[in-house]
Amino acid sequence: MFALRQVTSTTKRAFSSSAVSQAAKVAVLGAAGGIGQPLSLLLKHNDSISHLSLYDIVNTPGVAADLSHINTKSKVTGYVPANDGLKHAVTGADVIVIPAGVPRKPGMTRDDLFNVWLLIATNAGIVRDLATAAAQYAPKAHLAVISNPVNSTVPIVSEVLKKHNVYDPRRVFGVTTLDIVRASRFASELKDTDPKNVNVTVVGGHSGVTIVPLLSQCPLSFSDEELKALTHRIQFGGDEVVKAKAGTGSATLSMAFAAARFTDSLLRAIVKGEKGVIEPTFVKSDLYASDGVEFFASNVELGPDGVKQIFPVGKLSDYEQELINAALPELKKNIEKGIKFANEN
Ligand code: NAI
């Protein structure tokens, strides 16, 4: 569906003559939560945003009033479900970021299937309802989905938009930026370098073995033992935070940082008309469609209409090919689960 090209250079910054000059309305759904609040704070500093619209089932008026005193130009409004709050929050939004949902608790892994199932069903229902509102009141918005499990919630959002005949696969993104942020940080930590100079491509999906870091493509070199340990740490880095927070939630601050970076990249492409903006993200993709995997995260060039081109994964080591082989069946299952949920509920 999209043109494919090997990544040959780092992000080039150039400005298109057709750059849209006005700033955007960005809605954050789940804005009063652990991720939502620091994310909204970071977005209040983004000069591509003219209107920051915050929605949550609780507490959003307070968060909005607080943020609205920060002396940047954007207007901040807060909504709860009363008085058609969701409708007003999303109407006219150019970008809708969705961190609404329930986070993981310690031990919530495959061993704890019942609670995991409850969490998935809760988040799936929340995301379905928010996507329905987006389809009705902001059919042209770019949707950035943070709510887990991303491998299933992105297909759910896509199915909901299809049902409303407003689906454009170029405008639906699973936010996997935290995996890239962690990979860069963990690799640099190991080699005592500045993460600013270490980009690690991470492809696949956004949970456990579906997260595939391509460390052979990064500028650092690692022994086989280091590679295995680092890969495992990147795949399961979220567990470190869940464990350390001891029952009070999962990554929120690093996630807010990552989501603010992704939103900024999107705005640079769609509002400022900047060219060559590349972010890894989980999107509808042809890369592994022949294996039955319809959505896949890889480096994506963003343009005025969202996804401009999807880059292939590039040259893989044997170890990375094994990781991809392990990721694909799991991804396929997660995607099918999302599609089934959307069609049955
Ligand atoms: P949280 O519980 O602190 O905040 C979630 C917020 O969503 C709460 O304020 C809650 O009131 C709100 N909410 C619940 N139902 C809603 C609805 N129907 N409409 C609007 N808002 C609603 O949780 P946290 O830590 O902020 O995590 C949110 C989601 O992000 C979870 O699903 C978590 O697993 C996911 N996450 C995703 C990551 C990623 O890399 N994509 C990383 C970390 C977390």
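Residues numbered from 1 in each chain as written. Predicted model: local features only at pLDDT ≥ 70, side-chain atom pairs only at ≥ 80, totals over all residues.

A. Region of the structure containing the overall build of the protein chain. Across its full length, the protein chain holds 10 helices and 13 strands. Against the globule reference of 20 Å for 345 residues, the protein chain gives a C-alpha radius of gyration of 19 Å, in line with a compact fold. Across its three principal axes, the protein chain shows a C-alpha extent of roughly 55 × 50 × 40 Å. Here the protein chain holds 345 residues, and 48% of them are scored as buried. Taking the intrachain contacts of the protein chain between residues at least 6 apart in sequence as the baseline, contacts between residues at least 24 apart amount to 72%. (Helix = DSSP H or I, 4+ residues; strand = E, 2+ residues; numbered from the N terminus. Rg over C-alpha atoms; globule rule 2.2 N^0.38 Å. Buried ≥ 20, exposed ≤ 12 C-beta atoms within 10 Å, placed from the backbone. Contact = placed C-beta atoms within 7 Å.)

B. Quick look at helix 7 (residues 224-235). Between the first and last C-alpha of helix 7 there are 16 Å, a value that for 12 residues agrees with the 16 Å anticipated at 1.5 Å per step. Among all positions of helix 7, only Leu 230, Thr 231, Ile 234 and Gln 235 are buried. Projected down its long axis, helix 7 shows its buried positions confined to an angular sector of 130°, all on one face. Facing away from the buried surface of helix 7 by more than 90 degrees, the exposed residues are Glu 225 and Lys 228. Close packing links the buried residues of helix 7 with helix 6 (177-191), strand 8 (202-204), strand 9 (211-213), helix 8 (237-244) and helix 10 (318-344). (Expected span 1.5 Å × (residues − 1). Arc of directions from axis to C-beta.)

C. Summary view of the nonpolar core. Counting residues in hydrophobic clusters, the biggest one holds 100 residues, and the most contacted among them are Ile 96, Ile 98, Ala 144, Val 145 and Ala 259. Take this core: its biggest share by element is 10 residues, from helix 9 (residues 253-270). Viewed by domain, this core spans two of them, domain 1 (11-174) and domain 2 (177-344), each represented by three or more residues. Ignoring sequence-local partners within four residues, the contact set of Val 145 consists of Ile 98, Val 127, Val 150, Thr 153, Val 154, Val 157, Phe 173, Gly 174 and Val 175. (Core = buried A, V, L, I, M, F, W, Y, C linked by C-beta atoms within 7 Å. Domains from an automatic or database assignment.)

D. Representation of the domain arrangement of the protein chain in the model. Taken as a whole, the protein chain is organised into domain 1 (11-174) and domain 2 (177-344). Look at where the C-alpha atoms of domain 1 and domain 2 centre, and you get two points 19 Å apart. Each partner contributes residues to the interface: domain 1 has 50 residues there, and domain 2 has 49 residues. Those elements that provide at least two residues to the side of domain 1 that touches domain 2 are strand 1 (14-15), strand 2 (24-29), helix 1 (36-44), strand 5 (95-98), helix 4 (113-137), strand 6 (142-145), helix 5 (150-163) and strand 7 (172-174). Sorting elements by how many residues they give to the side of domain 1 that touches domain 2 places helix 5 first, with 10 residues. Here the side of domain 1 that touches domain 2 is composed, by residue class, of 29 nonpolar, 12 polar and nine charged. (Nonpolar A, V, L, I, M, F, W, Y, C, P; charged D, E, K, R; others polar.)

E. Broad picture of the packing of helix 6 against helix 7. It is at 9 Å that the axes of helix 6 and helix 7 come closest, and there the two elements cross at 145°. Crossing of helix 6 against helix 7: the hand is right-handed. Residues Asp 179, Arg 182, Ala 183, Phe 186, Ala 187 and Leu 190 of helix 6 pack against Glu 226, Leu 230, Arg 233 and Ile 234 of helix 7. Across the contact of helix 6 with helix 7, the residue classes tally to six nonpolar, no polar and four charged. (Axes fitted to C-alpha atoms, helices over the stretch in contact; angles between N-to-C directions. Left-handed = near helix turned anticlockwise from the far one by under 90°.)

F. Examining the confidence of the model for the protein chain more closely. Put simply, the protein chain has an average pLDDT of 91, and 91% of its residues get 70 or more. A low-confidence stretch, residues 1-21 stays under pLDDT 50, and its non-local contacts, those more than four residues away or across chains, total 36 contacts. We note a pTM of 0.93 for the whole complex and an ipTM of 0.99 for its interfaces. (pLDDT = per-residue confidence, 0-100.)

G. Local environment of the site of the ligand. Contacts to the ligand come from 33 residues, most closely from Gly 33, Gly 34, Ala 100, Gly 101 and Asn 148. Looking at the shell around the ligand, the element that brings in the most residues is helix 4, giving four residues. Residues from two domains meet in the shell around the ligand; each of domain 1 (11-174) and domain 2 (177-344) gives at least three. (Near = placed C-beta within 6 Å.)

H. Structural context of the pairing of strand 2. Among the six residues that make up strand 2, six are buried, leaving the element largely enclosed by the rest of the structure. Of the two faces of strand 2, both are covered, the one formed by Ala 24, Val 26 and Val 28 as well as the one formed by Lys 25, Ala 27 and Leu 29. Where strand 2 lies against strand 3 (residues 49-55), six bridges are found, and the strand directions are parallel. Its bridge partner lying in strand 3, Leu 29 is registered against Tyr 55. Tracing the backbone out of strand 2, into helix 1 and back to the parallel element strand 3 gives a crossover that is right-handed. One ladder, built from three bridges, connects strand 2 with strand 5; its direction is parallel. Residue pairing in the sheet places Val 26 in a bridge with Val 95 of strand 5. (Pairing = 2+ DSSP bridges. Right-handed = clockwise from strand over helix to strand, strands pointing away.)

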